[in-house]
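So the chains spell out like this:
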Amino acid sequence: MKFLIDDVTVYFPYDYIYPEQYEYMVELKRALDARGHCLLEMPTGTGKTVALLSLISSYALARPSPPLKLLYCTRTVHEMEKTLAELRLLHSHLPPTHRSLALGLSSRKNLCVNPIALSSASRDSVDSACRRLTASWVRAAAAEQPPGAVPTCPFFEAYDRAASSGPDAVLLPPGVYTLGDLRALGREKGWCPYFLARQMIRYANVVVYSYQYLLDPKVAGIISREMQRECVVVFDEAHNIDNVCIEALSVSVRRQTLDGATRNLHRMAQEIDRFKATDASRLRAEYNRLVEGLAQRGNLALTDAWLANPALPDDILKEAVPGNIRRAEHFLSVLRRLVQYLKGRLQTENVETERPVDFVASVSSQAGIDQKMLRFCYDRLHSLMLTLEITDTDEFLHIQTICDFATLVGTYMQGFSIIIEPFDERMPHIPDPVLQLSCHDASLAIKPVFDRFQSVIITSGTLSPIDLYPRLLNFNPVISRSFTMSLTRDCICPMVLTRGSDQLPVSTKFDMRSDPGVVRNYGRLLLEMVAAVPDGIVCFFVSYSYMDGIVNSWNEMGILQDVMQHKLVFIETQDVVETTLALDNYRRACDCGRGAVFFSVARGKVAEGIDFDRHYGRLVIMFGVPFQYTLSRILIARLEYLRNTFQIKEGDFLTFDALRQAAQCVGRVIRSKADYGMMIFADKRYSRHDKRSKLPGWILSHLRDAHLNLSTDMALHIAREFLRRMAQPYDKAGTGGRKTLLSQEDLEKMGEGVMDMF
Amino acid sequence: MAVINMAAKYKTMVKEPGIPGVLKMSEEKFIFIPNDPRSAMKLNVDFRSIKGHKFSKDGSKQALLNLTQDSEKGGGYIFEFDNFSNRNVCRDFVGKVLGKFQALMSSKQNEQPVPEKPAAAIHGEQLSTTEMEHRMKLLREDSELQKLHKQFVIGGVLTESEFWATRKSLLDDDAQRTSKQQAGFKSAMLADVRPLTDGRTNKVTFSLTPEIIHQIFAEKPAVHRAFLNFVPSKMTEKDFWTKYCRAEYLHRTKNSVAAAAEAANDEELAVFLKNDDILANEARRKIRRVDPTLDMEADLGDDYIHLPDHGLPQDGSKETADAENDIARRTLSQDLNRHAAVVLEGRALDVELGDTRTVAEALARSKRAVSFAETSDEKTNQERLKRVSRMTEIEDLQAPYSLPYAPLCIKDPREYFDLQQANALKAFGDTDAGTKPIDCSLSTEEAYVHLMEQISEMKVRGLNNPVVQPEAALKVLNGLNQYLSSTKYHLGKNPQESVLDRLPNRTKDELMHHWTSIQELLRHFWSSYPITTAYLYNKVLRLKDAMAQIYHKLQETKESVQSDFRHQVSRLVQPMLQALDAAFAHYDTEQQKRYNKSGNKPNGFVQ
């Protein structure tokens, strides 16, 4: 359908539209008009993504100059695929003259088609395998030698030849390209899909990639450096964006890292000796360049780019590298001293927490390395590695970690802390020293994004309380709004279960979680539900260790065997491959009618981006409240920072964080208004007002008072009722005054109504 | 077959002590002579009256043999023997005699002039004792069928084979059903064998059944491969499983040090404890065809925030860090996932579970076939893409998809719709009976008059008294009910049923029985035409006689019923009689033709 919002013709790929989608578009358009940032919360299951994509695409078509580009950031690759699929649907509804180019971007691991590089298992080894074939000095060597003597990548060579005659030669025809499409295209044309995509994002109208390509300076530095200001940046499912931001600037150092770094330094010393003997001029040239103040070697070849500086672009010193680390040997000895110093710090017996200022002072006094040298560590290392023509970057990750750490600690004095723990709190008898540089200030990493781009849209199904995010991220949204959901029928049914079938309270509180009575009551709950609910059921637990424990207990008690009589059981594990296969099987089991249960973890990978809509999830059970591990030093330090800077109370933040996770987990069951699902919060703490009230409004509005304090048998009764009610046919468009589905005519009428008012 | 003499005790009930005596069995009959000559419990029974035999299991308390008579007559002859070998001799003898007898019985009724044929028939019948049992079972389950069988087969109108020939579908259907549907894997995790301890010694017992072994093979390809490699060339099957159980036990006790030590000493044992490399390969292959919208591995490959030692430590990431141990730490979650995957895949094995070796080999074959089939990739890819795009669409924002559907097949529309209407009518009658005006009944005027009277009365007296007089109400209600049930009849919803319901039970049963008998006979009758063999000719003769009998009986019933039902009964009987008349007419014309032909024939042949 096609309709007008003010003066913009909006192309929408469906015949009908939900009223909240329309409102969402209206708000979004205002934000774009104002060229400001906005914060929008809309419940899951109301087609947020398609509303976003269709409005921004239509807006770009309506205002062709300056060309507006959409940078759409998703948290995961599978969400990227979903977004691209929606974009493809939208594209088939755009007028044919206005076709645009949209593509997804990912790492080499996901885009490479070269069988040699692909045979490597991990991402880092694929990256370094690619460098081994495509680095500029490798290619130069290959050009000198007879063909075949030095292996190169045929796909990259073909692409490079095609691209050398100008960017138009490799410009992709308009359309939507998923990662799979890019790979297929690469195979067909013999071009390298990764570098093709890297090149194409400059010309594309829509780029879909992961958060880190904008937020993590290491990656953003190479990928997103050239994006113009006329960009609309969307962070979808952004309820966790503060965590991503602080993670992007956090580094930890372990004993293994230091050992690895020592080995790396040793090898680099050997390389330097070798170069001295054979090709001393190279080292001298590097020195001269550094004297002239160029940390980087001018225009770097596309393939030589490595992970960029971990500090944010604005904070990188535009000065010459200090004199005492210009010479390779001197730099190596500085690094050696640093590693030695860190080794000494790791030998502590007590937990130590330090501010960066103190740490830098201590480094300076004990190892003789001043702050400026620390700040340049990363750039100097990068330059040295290029000079030494090191291709197997995956071997040098350890020393790179050390340099990242040094650069960050030398750059930032505020919002960070250094925590040294001799062992894990949970396993005090196993020595596992770790030195962590943790960032507490989420606004640091996202600041350049807000500054650079004209509109940043942060949206998710759960952004409650919505006033907290501008404070955490330190920005001023022009629009900040939370939408409710208009429903034709009560298609979600949240319940709070506080007691088991024996009327004893259930909870994952620390003192109760290992109580066999609670474990059994949770098991009975699952067993009853498995027998009553058709198709898929998803269970979320508070942590991996808790899930392992309770599943083992259920196995011993025989509850798991009884569950298996009704449904197949799949579990999320730490191994992503296995989890992916388990998910795939889970879907197949739901498709074929066998029915299945999926056990997952509230802060795990599955909870982040996998939908359990329609028959893939008719019920989701949240076992416990997913609080963070409150004894973690990092968390304590962060809470302290939040209290001092934003006056946010510890308890409030912890509850907010736990409840947004819980809401996110249960929100995965519903996708559209035709869908339906139940949500059980199985913990007595949910019945308390201070916890419950932190849930997003669209859940709270369906949470009836009668459902606040249930036992297993009552919940079962309600579930049966609900399922029976949902099985009845209903009127999709909604009746009476409140329409829940708008057609084109309705929208036109609404438009006229508005006209009349003015 | 000789005669068997065996000491046994005769009982009428299992619980009784029994009367000691001698059981004498010949081919025709069995005789029981009690040891105590005064006892009246002498038996002399013809095998003809024995329909089957049951016996207690070997090793159970008593060695019993139960010769059952017709189920209708009830009871049987129970003999207890001193030991099982004696019982088994008798049991086998009885089995043979009964089998032969049944065949003989059918062959006797095969009044065929050619002697070879019945022999062949006997042979054929005898070949399939399971078939026989199956037929017996069908008869037992369906009393109607049993009645027919008794009437015609035992009564000699039809032979056994003729009787069943028209019910081929019944036989085949069942046979096919049992063969076609394969049971999948059990949902229970059988492969997770739990050890049993006796509590006194340190001995631990694992018990494996063929079913469990099959599941172990399916879920643990490494064990399967090891079995194919080692057994029987390197070790016996028993040793293999002992070793497997030992490894399982080590795994179960979570004693990783002991496990490592054992694995170092014994390389075969190590196979069971190590990571399953076949599974790992399979996973790598499968991950490529996984739906991209849930491919979390790709996500891991894109995540530069969590470079080693970057980002914040996540829950549980530590455990994976030091799992580089050679002795894999197989977790329950992995087992659960694997089990569910195997159950979902289903079992494509058509080998009887039993011999482990054949099962293992068959499994290997089926796996190879599967990996062959998976090579065609392009199509599945297309399908996957289509599914992804389907999944992204929001279903209620657009016109519904016209899904391919199979139209509802109603076998007997009349029955189906009648039933619905009857139901509707019933519901209607329940709720609306009270409010329905009696507009076309005889009592309209009466009711009107009565109502007027009532109203005028009420006007005088006020509302204190009941509005309606009880007698009048009852009368109206009765009239109403009669009207309702009679409409049911008049509308012709299911006249047979409602009429039959009114008939006395005896008459009703009789009619129903006649009706089924006639159907059976007519089916055989019409299927016999055109008559090509003498056998068919005889059959038709027999059928005609039987039909004539029933015709007669029908007439009798019709006349014998009470006068008030006579009309209805004759209405019911009418179609049956007509059908029979048609058959007779056909018979007569055929007979006439035949006669004419045979009359002409000699002339033709002479020339």
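Residues numbered from 1 in each chain as written. Chains lettered and ligands numbered in written order. Predicted model: local features only at pLDDT ≥ 70, side-chain atom pairs only at ≥ 80, totals over all residues. Heavy atoms only, no water.

Participant: Can you help me understand unusual backbone geometry in this one?
Facilitator: It is generally the case that most residues other than glycine have a negative phi and that most peptide bonds are trans. All names here are of chain A. The phi angle at Glu-237 is positive, at roughly 50°, despite the residue not being glycine. Following the sequence through the fold, Glu-237 ends up in the loop between strand S8 (231-235) and helix H13 (241-248). Taking relative accessible area as the criterion, Glu-237 reaches 9% and is therefore assigned buried. (Helix = DSSP H or I, 4+ residues; strand = E, 2+ residues; numbered from the N terminus. Buried < 20%, exposed > 50% of the residue type's maximum accessible area, 1.4 Å probe, protein only.)

Participant: Looking at this structure, how should I read the packing of helix H22 (residues 505-528) of chain B against helix H23 (residues 534-560) of chain B?
Facilitator: If you want to describe how two helices pack, look at the angle between their axes and the distance between the axes. Residue and element names in this part refer to chain B. The interhelical angle for the contact between H22 and H23, taken along N-to-C directions, is 155°, at an axis separation of 10 Å. Between H22 and H23, the crossing angle belongs to the class labelled roughly antiparallel. Crossing handedness for the pair H22 and H23: left-handed. Contact with H22, carried on its side by Thr-507, Glu-510, Leu-511, His-514, Ser-517, Ile-518, Leu-521, Leu-522, His-524, Phe-525 and Ser-528, involves Leu-536, Lys-539, Val-540, Leu-543, Ala-546, Met-547, Ile-550, Lys-553, Leu-554 and Thr-557 of H23 and no other residues of that element. Residue composition of the contact of H22 with H23, by class: 12 nonpolar, 6 polar and 3 charged. (Axes fitted to C-alpha atoms, helices over the stretch in contact; angles between N-to-C directions. Parallel < 35°, antiparallel > 145°, perpendicular 65-115°, else oblique. Left-handed = near helix turned anticlockwise from the far one by under 90°. Contact = heavy atoms within 4.5 Å. Nonpolar A, V, L, I, M, F, W, Y, C, P; charged D, E, K, R; others polar.)

Participant: I tried to follow the domain arrangement of chain B on my own but got confused; where do I start?
Facilitator: By a widespread convention, an interface's size corresponds to the accessible area lost as its parts come together. Domain boundaries in chain B define domain 1 (4-105), domain 2 (202-291 + 331-373) and domain 3 (502-595). The distance between the C-alpha centroids of domain 2 of chain B and domain 3 of chain B comes to 67 Å. (Domains from an automatic or database assignment.)

Participant: Would you mind showing me how to read the sheet that holds strand S19 (residues 619-623) of chain A here?
Facilitator: In a beta sheet, neighbouring strands pair by backbone hydrogen bonds and run either parallel or antiparallel. Residue and element names in this part refer to chain A. If you trace the 7 strands from one edge of the open sheet to the other, you get S17-S18-S16-S19-S20-S15-S21, paired in parallel fashion. Where the open sheet ends on each side, the last strands, each with one partner, are strand S17 (568-571) and strand S21 (710-711). As judged from the 4 bridges shared by strand S16 (residues 536-541) and S19, these two strands associate in the parallel manner. In the sheet register, Cys-539 faces S19, and the bridge partner there is Ile-621. (Pairing = 2+ DSSP bridges.)

Participant: Help me out: how do you make sense of the packing of helix H14 (residues 255-278) of chain A against helix H15 (residues 280-291) of chain A in this one?
Facilitator: All names here are of chain A. Following both chains from N to C, one finds H14 and H15 inclined at 110°, their axes separated by 5 Å at the closest point. Taken together, the axes of H14 and H15 lie roughly perpendicular to each other. In contact with Ile-272, Phe-275, Lys-276 and Thr-278 of H14, H15 contributes Ala-280, Arg-282 and Leu-283. For the contact of H14 with H15, the class distribution of residues is 4 nonpolar, 1 polar and 2 charged.

Participant: Looking at this structure, I do not really get the nonpolar core. What am I missing?
Facilitator: Grouped burial of nonpolar side chains is what soluble globular proteins tend to show. Ranked by internal contacts, the top residues of the largest apolar core, which has 186 residues, are Phe3(A), Tyr209(A), Phe235(A), Ile241(A) and Ile458(A). Of the residues forming this core, the biggest block, 10 residues, is contributed by helix H16 (residues 328-346) of chain A. Counting 106 residues, the second-largest nonpolar core is a separate cluster that includes Cys590(A), Met678(A), Phe681(A) and Val343(B). (Core = buried A, V, L, I, M, F, W, Y, C linked by side-chain atoms within 4.5 Å.)

Participant: I would appreciate a short explanation of the side chain of His339(B) in the present structure.
Facilitator: Secondary-structure assignment places His339(B) in helix H15 (residues 332-345). Of the residues examined, His339(B) reaches a relative accessible area of 1% and is grouped as buried. Within polar-contact distance, the side chain of His339(B) engages the side chain of Glu219(B) at 2.6 Å. Sequence-distant contacts of His339(B), that is, excluding residues within four places in its chain, are made with Met564(A), Lys186(B), Ser187(B), Ala188(B), Met189(B), Gln215(B) and Glu219(B). (Polar contact = N/O pair within 3.5 Å; in protein donor to acceptor, adjacent residues only side chain to side chain.)

Participant: I keep staring at the pattern of salt bridges and nothing clicks. Help me out?
Facilitator: Pairing between side chains becomes possible if they bear opposite charge and their charged atoms approach one another. All names here are of chain A. Under the criterion given, the structure shown has 47 salt bridges over all chains. Salt-bridge contacts for Asp-675 lead to Arg-618; the nearest nitrogen and oxygen are separated by 3.0 Å. Of this pair, Asp-675 sits in the loop between helix H28 (650-666) and strand S20 (677-682) while Arg-618 is found in the loop between helix H26 (605-609) and S19, placing the two residues 57 residues apart along the sequence. A relative accessible area of 12% means that Arg-618 is categorised as buried. (Salt bridge = Lys/Arg side-chain N within 4 Å of Asp/Glu carboxyl O.)

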